[in-house]
Amino acid sequence: MNRQSAIVLAIDPGLVCGWTRGVGLEPALEFGQYALIEMLDHLYHTVCAGAVDRIVCERFDPRRWDNDTTRTVEAIGAIRWLAHLGATEFGFVNAGDKQRTMSSVSKNMFVGFPHAADAEAVRLWDLRYGRW
């Protein structure tokens with residue numbers, strides 16, 4: 001798969017999931033934030049429509065375990081399963097790694113959408129440094 005032409009959906013998982021969809025190093029075509037269940041619905045329809053070539057998700061490293069952590073881990077499992085269901089390539093980006101690409105994320109574009117900005121940093125890191 002060509003990195004510069006692949007449509008990549010990046011997700012910052014959590015109780016509020018940020019997401020971006022873009023092609024190559026161009027700014028995101030679409031972005032947003034959804035509550036967890038809405039994100040999974042959106043992802044299901046996106047995968048079923050064949051609207052993405054790759055899904056990349058921020059890896060979650062729980063340092064404390066509470067109800068929010070449990071929901072985030074469940075969300076990541078569901079995201080991974082939906083990628084599998086749609087035979088869509090899937091990858092992870094470590095939470096700390098996205099800091100390398102945060103400076104490339106347009107602050108003006110993502111005003112009011114901090115989780116989407118994180119997802120865009122994940123997408124850009126995966127494009128530049130990911131193994132695929």
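Anything mentioned here points back to the structure above.
Time to look at the overall build of the chain. The helix and strand tally for the chain stands at three helices and five strands. Its C-alpha atoms give the chain a radius of gyration of 13 Å, near enough to 14 Å, the size a compact globule of 132 residues would have. Over its C-alpha atoms, taken along the principal directions, the chain stretches across nearly 40 × 30 × 25 Å. When each of the 132 residues of the chain is scored for burial, the buried share is 43%. At a minimum sequence separation of 6, the contacts of the chain that also span at least 24 residues come to 64%. Accessible surface for the chain amounts to roughly 7,000 Å². Of this, 52% is attributable to carbon and sulfur atoms.

With that out of the way, let us pick up helix α2 (residues 67–85). Across its 19 residues, α2 extends 27 Å between first and last C-alpha, which sits within 8% of the 27 Å expected from 1.5 Å per residue. Buried within α2 are the following residues: T69, T72, A75, I76, I79, L82 and A83. Taken down its axis, α2 places every buried residue within 145° of arc, on the same side. Opposite the packed face of α2, turned more than 90 degrees from it, sit the exposed residues N67 and H84. Residues of α2 that are buried sit in contact with β1 (7–12), α1 (36–48), β4 (54–58) and β5 (89–93). With a side-chain oxygen lying 3.1 Å from the backbone nitrogen of D68, the N-terminal cap of α2 falls on D66. Phi for A87, located one or two positions after α2, is positive at around 50°.

This next bit is on the sheet that holds β1. On the basis of which strands lie adjacent, the open sheet formed by five strands has the order β3-β2-β1-β4-β5 and mixed pairing. Strands with a single pairing partner mark the edges of an open sheet, and in this sheet they are β3 (30–35) and β5. Adjacent strand axes in the sheet meet at a mean angle of 20°, parallel and antiparallel pairs treated alike. Note that β1 and β4 share four bridges and pair parallel. Paired with L9 across the strands is I55, a residue of β4. Contacting β1, β2 (16–23), β3, β4 and β5, helix α3 (residues 114–129) runs over the sheet at an angle of about 45° to β2.

Before going further, it helps to spend a moment on the environment of T88. Relative to the helices and strands, T88 resides in the loop between α2 and β5. The exposure class assigned to T88 is buried, which follows from its relative accessible area of 11%. Separated by 35 residues in sequence, T88 and D53 have C-alpha atoms that sit 6.0 Å apart. Filtering out sequence-adjacent residues up to four positions away, T88 remains in contact with V47, V52, D53, R54, I55 and A83.

Right, let's get into the nonpolar core. Within the largest apolar cluster, 17 residues are counted, with the highest numbers of intra-cluster contacts made by L9, I11, M39, L43, I55 and I79. Going through the elements one at a time, β1, β2, α1, β4 and α2 are the ones with two or more residues in this core. Aside from chain neighbours lying at most four places away, what touches L43 is L9, I11, I55, I79 and L82. Counting residues in each nonpolar core, the second largest holds nine residues, with A6, A10, V93 and V122 among its members.

The rules behind the values
- Residues numbered from 1 in each chain as written.
- Predicted model: local features only at pLDDT ≥ 70, side-chain atom pairs only at ≥ 80, totals over all residues.
- Heavy atoms only, no water.
- Helix = DSSP H or I, 4+ residues; strand = E, 2+ residues; numbered from the N terminus.
- Rg over C-alpha atoms; globule rule 2.2 N^0.38 Å.
- Buried < 20%, exposed > 50% of the residue type's maximum accessible area, 1.4 Å probe, protein only.
- Contact = heavy atoms within 4.5 Å.
- Areas by Shrake-Rupley, 256 points an atom, 1.4 Å probe, with all protein chains shown as cover.
- Expected span 1.5 Å × (residues − 1).
- Arc of directions from axis to C-beta.
- Polar contact = N/O pair within 3.5 Å; in protein donor to acceptor, adjacent residues only side chain to side chain.
- Pairing = 2+ DSSP bridges.
- Axes fitted to C-alpha atoms, helices over the stretch in contact; angles between N-to-C directions.
- Core = buried A, V, L, I, M, F, W, Y, C linked by side-chain atoms within 4.5 Å.

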